[in-house]
Amino acid sequence: MEEDEVVDSDFYLLAKSYFDCREYRRAAHVLRDQTGKKSVFLRCYALYLAGEKRKEEEMIELEGPLGKSDAVNRELISLERELSTLRKNGTMDPFILYLYGLVLKDKGSENLARTVLVESVNSYPWNWNSWLELQSLCTTIDILNSINLNNHWMKDFFLASTYQELRMHNEALTKYEYLQGTFGFSNYLQAQIAKAQYSLREFEQVEVVFEELLRNDPYRVEDMDMYSNVLYAKECFSALSYLAHRVFTTDKYRPESCCIIGNYYSLKGQHEKSVVYFRRALKLNKNYLSAWTLMGHEYVEMKNTPAAIDAYRRAVDINPRDYRAWYGLGQAFEMMHMPFYALHYFRKSVFLQPNDSRLWIAMAQCYETEQLHMLEEAIKCYRMAANCNDSEAIALNQLAKLHHALGRDEEAAFYYKKDLERMEAEEREGPNMVEALIFLATHCRAHNRFEDAEVYCTRLLDYTGPEKETAKSMLRGMRMAQSSFPAMDVEHFPP
């Protein structure tokens, strides 16, 4: 065996014991004179974690457990100096390269960090942490395409995960389904496929995948907070209650468990209790993105706009590609009657998630406000929402209203008719249907299309409100007009 693997083994094992007990400086001290690659890595990594631990302590001392501060890892400068020397001497293994990439990233040297991490994963492709750090530095598809990676099945896992982060959900789904052909029984792959489908808002398929995951792995907590989001969106109260109880008995001190219980209380309308659990999730992991975003939603429900804005800003700081946090900021500023700010944040959210109709609708409503009153822009946004399978059925009705307000009755009739057809297909009733029927009946009567107008009026007779009397009046008027037409027409024809 090589010297660097054997000579310092006793020191290494002692240091590893201290490291496992989270006594990082003690571990580094034991290895101060050891030169083997494993010992150098463990010593440097222990110093890095000691610096991170002290940084966390300073942040808590200055700002509290959920506060923000400018505390930094004081070990980064000395570590960078030592690791750069090792790299120049060519004495780095893939793990020391990974640590060097981590240090460079924390210091803001992103280009060099990318290069070093690519070296690490190409030398040893099974270190997933190294791939994840590299992923965090691939912020655009151009950067991703520019890095030179060796062909390996781990590269496919990396690409799928990075596509997901870059919001290229269809590409991620394709890559994960390809990997499933090789790793057919992987729970991880199933969960990632569910994540991609969740981002594409295919909630029915997501629910099926998570139910199967829980059958195969009944004590799983990881990713279950996403399942709770689906159950919350579908208002499946009993299923969410069962899931919350399940994770509580499995491991209640996990951020995912706290978020699931928070969603449960939110669905019950107990928003204060919900915030307690989201804050608990953040005390366990203050960089837990979902908890910041969901807590922002709860503060919006509680009309605590400043707290909501703070929560959303923290989410954006953690991940600037989180469209939900940008959308939440837009909603918060809209509540404060600041449409210019709201519009800025809605634009950011729609750039990140262009296939979500809710975001286009929010932006359109912003354009409709009195301060902006940019109706043409609102129409463009509602058109985009209609093309994105508007599940809330708002866009078509609003398009019809706006065109009518601008005096474009033909376009208004077109959208009212489309909205009516959609409501019939979905077997929905309500004020929108009455509004569409009245407009179409009036429009057809004005253009002497009496047969079409009668059809719409006859349908209005099934209602009990004032629309029934309106329909009766229109029918009487049309019959009177029609009865006078033949006589008028005969007079104008020559014998």
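Residues numbered from 1 in each chain as written. Predicted model: local features only at pLDDT ≥ 70, side-chain atom pairs only at ≥ 80, totals over all residues. Heavy atoms only, no water.

## Looking at a positive patch on the surface
Where like charges cluster on the molecular surface, the positive patch consists of K252, R279, R280 and K283. Structurally, R279 can be placed in helix α17 (residues 271-284). (Patch = residues over 30% accessible without salt bridge, like charges linked within 9 Å, V, L, I, M, F, W, Y side chains within 5 Å. Areas by Shrake-Rupley, 256 points an atom, 1.4 Å probe, with all protein chains shown as cover. Salt bridge = Lys/Arg side-chain N within 4 Å of Asp/Glu carboxyl O. Lys, Arg positive; Asp, Glu negative; His and termini not counted. Charge placed at Lys NZ, Arg CZ, Asp CG, Glu CD. Helix = DSSP H or I, 4+ residues; strand = E, 2+ residues; numbered from the N terminus.)

## Side note on the packing of helix α22 (residues 357-368) against helix α23 (residues 375-387)
For the pair α22 and α23, interaxial distance at closest approach is 8 Å and the crossing angle is 165°. The orientation of α22 relative to α23 falls into the category roughly antiparallel. α23 is crossed by α22, and the crossing has left-handed handedness. Contact residues: S357, W360, I361, M363, A364, Q365, Y367 and E368 in α22; L375, E377, A378, C381, Y382, M384 and A385 in α23. (Axes fitted to C-alpha atoms, helices over the stretch in contact; angles between N-to-C directions. Parallel < 35°, antiparallel > 145°, perpendicular 65-115°, else oblique. Left-handed = near helix turned anticlockwise from the far one by under 90°. Contact = heavy atoms within 4.5 Å.)

## Examining the pattern of salt bridges
For the structure shown, the criterion picks out 30 salt bridges. Across the pair K195 and D223 runs a salt bridge, and its minimum N-O distance is 3.4 Å. Here D223 lies in the loop between α13 (203-216) and α14 (224-233) and K195 lies in helix α12 (residues 187-199), a separation of 28 residues in the sequence. Classification of K195 as partly exposed rests on a relative accessible area of 24%. Residue classification places D223 among the buried positions, given a relative accessible area of 8%. For R220, the salt bridge identified is with D217, shortest N-O distance 3.8 Å. Taking relative accessible area as the criterion, R220 reaches 11% and is therefore assigned buried. In the salt-bridge network here, residues are joined through shared partners; they are R54, E57, E58 and R74. (Buried < 20%, exposed > 50% of the residue type's maximum accessible area, 1.4 Å probe, protein only.)

## Observations regarding the environment of G262
In this fold, G262 is placed in helix α16 (residues 255-267). Residues G262 and R383, 121 residues apart in the sequence, show an inter-C-alpha distance of 35 Å. Leaving out residues up to four positions away in the same chain, G262 has contacts with S274, Y277 and F278.

## What to know about the packing of aromatic side chains
One pass over the structure, following the stated rule, counts 23 aromatic pairs. A centroid spacing of 5.0 Å and a plane angle of 50° characterise the contact between F95 and Y124, whose relative ring orientation is tilted. With F95 in helix α6 (residues 94-107) and Y124 in the loop between α7 (110-123) and α8 (128-137), this residue pair connects regions lying 29 residues apart in the sequence. Here Y124 falls in the partly exposed class, since its relative accessible area comes to 32%. Three or more aromatic residues link up through ring pairs in this structure, and these residues are F19, Y24, F41, Y45, Y48, F95, Y124 and W126. For K38, the ring lying beneath its charged end belongs to Y12, and the centroid distance is 4.8 Å. Taking the ring centre of W326 as reference, the NZ or CZ of K348 above it sits at 4.9 Å. (Phe/Tyr/Trp six-rings, centres within 6.5 Å; stacked < 30°, edge-to-face > 60°. Lys NZ or Arg CZ within 6 Å of the ring centre and 35° of its normal.)

## Brief notes about the nonpolar core
The biggest cluster of nonpolar side chains holds 79 residues, and the ones touching the most others in it are M295, L329, M363, Y382 and L420. If we skip the residues at most four places from it in the chain, M363 touches L343, F346, R347, V350 and C381. In terms of nonpolar packing, the next biggest core, distinct from the first, is built from 59 residues, A15, Y48, M168 and L179 among them. (Core = buried A, V, L, I, M, F, W, Y, C linked by side-chain atoms within 4.5 Å.)

## Topic: unusual backbone geometry
Residues other than glycine seldom take positive phi values, yet R201 does so here, at roughly 60°. Unusually for a residue other than glycine, H337 sits at a positive phi of about 60°.

## Some details on the packing of α12 against α13
Axis separation between α12 and α13 bottoms out at 8 Å; the angle between their running directions is 160°. When the axes of α12 and α13 are compared, the pair comes out roughly antiparallel. For α12 against α13, the interelement crossing comes out left-handed. Touching N187, Q190, A191, A194, Q197 and Y198 of α12 are F203, Q205, V206, V209, F210, E212, L213 and N216, all from α13. Split into classes, the residues belonging to the contact of α12 with α13 amount to eight nonpolar, five polar and one charged. (Nonpolar A, V, L, I, M, F, W, Y, C, P; charged D, E, K, R; others polar.)

## A few points about helix α27 (residues 450-460)
When α27 is considered as a whole, its buried residues turn out to be F450, A453, Y456, C457 and L460. Buried residues along α27 cover an arc of 125° about the axis, so they all sit on one side. (Arc of directions from axis to C-beta.)

## Remarks on the side chain of N73
Tracing the backbone shows N73 in the loop between α4 (37-63) and α5 (76-89). On the basis of relative accessible area, N73 is assigned to the buried category, the value being 6%. One polar contact links the side chain of N73 to the main-chain amide nitrogen of E75, over a distance of 2.9 Å. Setting aside chain neighbours within four positions, we find N73 in contact with Y48, G51, E52 and K55. (Polar contact = N/O pair within 3.5 Å; in protein donor to acceptor, adjacent residues only side chain to side chain.)

## Section: the environment of N287
Mapped onto the secondary structure, N287 falls in the loop between α17 and α18 (289-301). When the C-alpha positions of N287 and R314 are compared, they lie 8.7 Å apart, and in sequence the two are 27 residues distant.

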